Amino acid sequence: MSTTDETRAARPAGRPRSARAEQAIIDATLDLLGEGMNIAELSIEAIAARAGVGKTTIYRRWANKEDLCVDALARLKSPLPELRGESVREDLVAYLEVVVHDSCDARRRCVMSIVMNDAERHPRLVGRVRQALIEPRREVLAAVLRRGVATGELRADLDLPVVMAALIGTVTWYMRDAGSDGAVESPVGIAERIVDQLLAGLAPTA
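Residues numbered from 1 in each chain as written. Predicted model: local features only at pLDDT ≥ 70, side-chain atom pairs only at ≥ 80, totals over all residues. Heavy atoms only, no water.

## A closer look at the overall build of the protein
- Each helix and strand in the protein was counted, giving ten helices and zero strands.
- Taken from N to C terminus, the helices and strands of the protein fall in the order α-α-α-α-α-α-α-α-α-α.
- The buried share among the 206 residues of the protein stands at 36%.
- Once local pairs closer than 6 in sequence are excluded, the contacts in the protein between residues at least 24 apart make up 66%.
- Summing over all exposed atoms, the protein offers an accessible surface of approximately 12000 Å²; the carbon and sulfur share of this is 52%. (Helix = DSSP H or I, 4+ residues; strand = E, 2+ residues; numbered from the N terminus. Buried < 20%, exposed > 50% of the residue type's maximum accessible area, 1.4 Å probe, protein only. Contact = heavy atoms within 4.5 Å. Areas by Shrake-Rupley, 256 points an atom, 1.4 Å probe, with all protein chains shown as cover.)

## Regarding helix α10 (residues 190-202)
- For α10, spanning 13 residues, the distance from its first C-alpha to its last is 18 Å, which sits close to the expected 18 Å at 1.5 Å a residue.
- Turning to α10, its buried residues are I190, A191, I194, V195, L199 and L202. Angularly, the buried residues of α10 cover 155° about the axis, an arc narrow enough to put them on a single face. Facing away from the buried side of α10, by more than 90 degrees, are the exposed residues Q197 and A200. (Expected span 1.5 Å × (residues − 1). Arc of directions from axis to C-beta.)

## Notes on the packing of aromatic side chains
- Taken as a whole, this structure holds one aromatic pair when the rule is applied.
- Judged by centre distance (6.5 Å) and plane angle (65°), the ring pair of W173 and Y174 falls under edge-to-face.
- On the accessibility criterion, W173 (47% relative accessible area) is partly exposed. (Phe/Tyr/Trp six-rings, centres within 6.5 Å; stacked < 30°, edge-to-face > 60°.)

## Digging into the packing of helix α5 (residues 65-74) against helix α8 (residues 123-151)
- It is the contact of α5 with α8, at a shortest axis distance of 10 Å, that shows an interaxial angle of 35°. Read as a crossing pair, α5 and α8 show a hand that is right-handed. Touching E66, D67, C69, V70, L73 and A74 of α5 are R124, L125, R128, V129, A132 and L133, all from α8. (Axes fitted to C-alpha atoms, helices over the stretch in contact; angles between N-to-C directions. Left-handed = near helix turned anticlockwise from the far one by under 90°.)

Limitation: the analysis is restricted to geometry and does not speak to function.
See the structure below:
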């Protein structure tokens, strides 16, 4: 076998993927959504033009616009920390700190709101977003609460859906509306404050 043949055999088939191009495509998708473009208006052509790549570059990575949107939206979510399981309070604070961090980012809030508000027109896409991004995080939170019930840190009659809605809803309201009068309070420590306030009503009675 010649040297040229050996070199060809050693190379993987197809063109190497460009991490820079992939990031540009993701950024372009999120930027267009963040500027108010809804899912129906968003097109591969528009994304390619904004990213400075050809449409074929996008289609090498994603089969369609829906797959690209789900992947792009997944990049908006900060990874959850490893929850140590030493106490329900510590795990809830660690979990909510990520929610607070993401809620501080106007781009994240705007893009997710635009997509989730398109549920009626694009139920499949929104369903995939829920399944890929929202449900796994809900299950992590539910597991923390169930463990708290099992260890006796939380009341045995806990209504999990209501408690989860109270935790996440309080963060969402606080970060979005509490500063509407222009006096925005620093979010530092807000996760601990929310958890401590809610735990006062969730702990077992003597």
